[in-house]
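# Residue-level structure breakdown
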Amino acid sequence: MSFDLEVLAIDPAASDDAVRAMVMRCSSGQHPEGELDERIVGFYESLRARYPDFPPYPDDSPWMSMPLEVGIDHVSMSMSFGQRSTPALRLVVDLAARYGLTIYDPQGGEVTRPRR
């Protein structure tokens, strides 16, 4: 079993509907072109330094599909349920807060905005 998370470079004041619309756009493959958002780059590089999404994979990898999907303004991930994903989930939340990114949980529709 797995669950998905989306980490987005979107204005923290954006409505939940705007967050969902961005996720829909990203999942449809209609990615905007342009410069990478530096917050996404920092988040992704920090995340994969601990949990690589390219071989060789560590035994404690939380990823259910690899590589992670990365766009100029988002990172999409599918994680395993269980103990392997618990520390990775904490890291995702911490890094998203550090880089000022929004987390979207599509299973429950929950939006977690960066703390101010």
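Residues numbered from 1 in each chain as written. Predicted model: local features only at pLDDT ≥ 70, side-chain atom pairs only at ≥ 80, totals over all residues. Heavy atoms only, no water.

## A few points about the packing of aromatic side chains
The cut-off we apply is this: Note on aromatic contacts: the rings of Phe and Tyr and the six-membered ring of Trp form a pair at centre separations within 6.5 Å, being stacked when their planes are under 30 degrees apart, edge-to-face when over 60 apart, and tilted otherwise. Strands here mean DSSP runs of E at least two residues long; helices mean DSSP runs of H or I at least four residues long; both are numbered from the N terminus. Type-normalised accessible area, obtained with a 1.4 Å probe on protein chains alone, sets the label of each residue: buried when under 20%, exposed when over 50%, and partly exposed for intermediate values. The criterion is that NZ of a Lys, or CZ of an Arg, lies within 6 Å of the ring centre and within 35 degrees of the ring normal, and then a charge sits over that ring.
For the structure shown, the criterion picks out two aromatic pairs. Judged by centre distance (5.2 Å) and plane angle (45 degrees), the rings of Phe3 and Phe81 are tilted. Here Phe3 is found in strand S1 (residues 2-8), whereas its partner Phe81 is found in the loop between strand S3 (74-80) and helix H3 (85-99), with 78 residues between them in sequence. Judged by relative accessible area, Phe3 falls into the buried class, the value being 11%. Sitting over the face of the ring of Tyr51, Arg50 holds its NZ or CZ atom 4.2 Å from the ring centroid.

## Comments concerning the pairing of S1
In plain terms, the rule: Pairing between strands is defined by DSSP: at least two bridges between the two strands are required.
Judged by how many residues are buried, S1 sits mostly within the fold: five of seven residues are covered. Both S1 and S3 contribute to a ladder of seven bridges, which runs antiparallel. Counted as the bridge partner of Ser2 is Ser80 from S3.

## Re the pattern of salt bridges
Should the charged atoms of two oppositely charged side chains come close, the side chains can pair. Heads up, the rule is: Any carboxyl oxygen of Asp or Glu within 4 Å of a side-chain nitrogen of Lys or Arg constitutes a salt bridge here.
Enumeration over the complete set of coordinates arrives at six salt bridges. The salt bridge partner of Asp73 is Arg25, with a shortest N-O separation of 3.0 Å. One end of the pair, Asp73, is in the loop between strand S2 (69-70) and S3; the other, Arg25, is in helix H1 (residues 16-27), with 48 residues separating them in the sequence. A residue is classified by how much of its surface remains accessible, and Asp73, at 11% relative accessible area, is buried. For Arg25, a relative accessible area of 24% puts it in the partly exposed group. A salt bridge links Asp37 to Arg39; the nearest nitrogen and oxygen atoms lie 2.9 Å apart.

## Focus on the side chain of Ser61
Put simply, the rule reads: Pairs of N or O atoms are called polar contacts if they sit within 3.5 Å, as long as, within protein, a hydrogen donor faces a hydrogen acceptor (for residues adjacent in sequence, only side-chain-to-side-chain pairs). Contacts between residues were defined by any pair of non-hydrogen atoms, one from each residue, lying within 4.5 Å.
In this fold, Ser61 is placed in the loop between helix H2 (38-50) and S2. What makes Ser61 buried here is its relative accessible area of 6%. Here the side chain of Ser61 touches Trp63 through a polar contact of 3.4 Å, landing on its backbone nitrogen. Residues within four places of Ser61 in sequence aside, it is in contact with Pro52, Met66 and Arg84.

Taken by themselves, the reported measurements are silent on function.
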